[in-house]
Amino acid sequence: KFETKLIVDDLEWVEYLIRHKSWWDTVDFLAIHCLGHVYRSYPKETTGVLMRYRDDGNMWVNRSAILAQAKSKGDTNPQLLDILLLPHLISTEFFIRKAIGWALREYARCEPDWVRVWVARHRDLGTLCKLSEREAMKHLH
């Protein structure tokens, strides 16, 4: 797997591809396998990158930040996940809403109670759309 050889400096070309080869299948692979691997290998060095991606004006870059921890399992940083999701709860963009639910569903595989509480809190606040909630809770009912 080539992604296991990636380092922080490689994120420049990963970001280029996210911005210029923007469609869900390409972006999801880059976010989960490339950006995600670099984040898991160098969390201190890349947390700022994820925050910058979160605040970017490009929806695909935002989606990448949301999905970067999707395969992190028990190594997921729930505080960071929360910070990355919150600004996008108001999004009406399908691909963002779907990514929010998917990121939560993946984390629910190892921390179902955290996801249940998070979803309930945001449902009660009226800030979580039905699509994100349905995706997040898919295997928790």
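Below is a summary of the structure that appears in this document.

With that out of the way, let us pick up the overall build of the protein chain. Within the protein chain one finds eight helices and zero strands. Sequence-ordered secondary structure for the protein chain, helices as α and strands as β, is α-α-α-α-α-α-α-α. For 141 residues, the compact-globule estimate of 2.2 N^0.38 gives 14 Å, and the protein chain sits close to it at 14 Å. Overall, the C-alpha framework of the protein chain stretches about 40 × 30 × 25 Å when taken along its three principal axes. Counting over 141 residues, the protein chain shows a buried share of 52%. Excluding contacts between residues fewer than 6 apart, the proportion of contacts in the protein chain whose partners are at least 24 apart in sequence is 69%. Roughly 7,400 Å² of accessible area belongs to the protein chain as shown, and the carbon and sulfur atoms make up 55% of that amount. Counting 21 positive and 19 negative side-chain charges, the protein chain places the centres of these two groups 5 Å from one another.

Let us now look at the packing of aromatic side chains. Inspection of every chain in the model, using the stated rule, returns seven aromatic pairs. Between the aromatic rings of F94 and F95, the centroid separation amounts to 5.3 Å while the plane-to-plane angle is 80°, which identifies the pairing as edge-to-face. Assessed through its relative accessible area of 16%, F95 is described here as buried. Measuring from ring centre to ring centre gives 6.5 Å for W114 and W118, while their planes differ by 20°; the resulting arrangement is stacked. With W114 and W118 both in helix α7 (residues 112–124) and four residues apart, this pair spans about one turn of that helix. Judged by its relative accessible area of 26%, W114 is partly exposed. Taking relative accessible area as the criterion, W118 reaches 1% and is therefore assigned buried. Members of the aromatic cluster, each reached through a chain of ring pairs, are W23, W60, F94 and F95.

Turning to α7, a few remarks are in order. If you check α7, its first and last C-alpha atoms are 18 Å apart, about what 13 residues at 1.5 Å a residue would give, namely 18 Å. In this fold, the buried residues of α7 make contact with α5 (78–85), α6 (94–108) and α8 (130–137). The positive-phi residue at the C-terminal boundary of α7 is G126, with phi of around 75°.

Turning next to a nonpolar patch on the surface. Where nonpolar side chains cluster on the molecular surface, the patch consists of F2, W13 and F29 and spans about 290 Å² of accessible area. Looking at the element boundaries, F29 is found in helix α2 (residues 24–41).

Turning to unusual backbone geometry, a few remarks are in order. Of note in the backbone geometry, K73 takes a positive phi value of approximately 50° without being a glycine. Of the residues examined, K73 reaches a relative accessible area of 59% and is grouped as exposed.

Calculation notes
- Residues numbered from 1 in each chain as written.
- Predicted model: local features only at pLDDT ≥ 70, side-chain atom pairs only at ≥ 80, totals over all residues.
- Heavy atoms only, no water.
- Helix = DSSP H or I, 4+ residues; strand = E, 2+ residues; numbered from the N terminus.
- Rg over C-alpha atoms; globule rule 2.2 N^0.38 Å.
- Buried < 20%, exposed > 50% of the residue type's maximum accessible area, 1.4 Å probe, protein only.
- Contact = heavy atoms within 4.5 Å.
- Areas by Shrake-Rupley, 256 points an atom, 1.4 Å probe, with all protein chains shown as cover.
- Lys, Arg positive; Asp, Glu negative; His and termini not counted.
- Charge placed at Lys NZ, Arg CZ, Asp CG, Glu CD.
- Phe/Tyr/Trp six-rings, centres within 6.5 Å; stacked < 30°, edge-to-face > 60°.
- Expected span 1.5 Å × (residues − 1).
- Patch = residues over 30% accessible without salt bridge, like charges linked within 9 Å, V, L, I, M, F, W, Y side chains within 5 Å.
- Salt bridge = Lys/Arg side-chain N within 4 Å of Asp/Glu carboxyl O.

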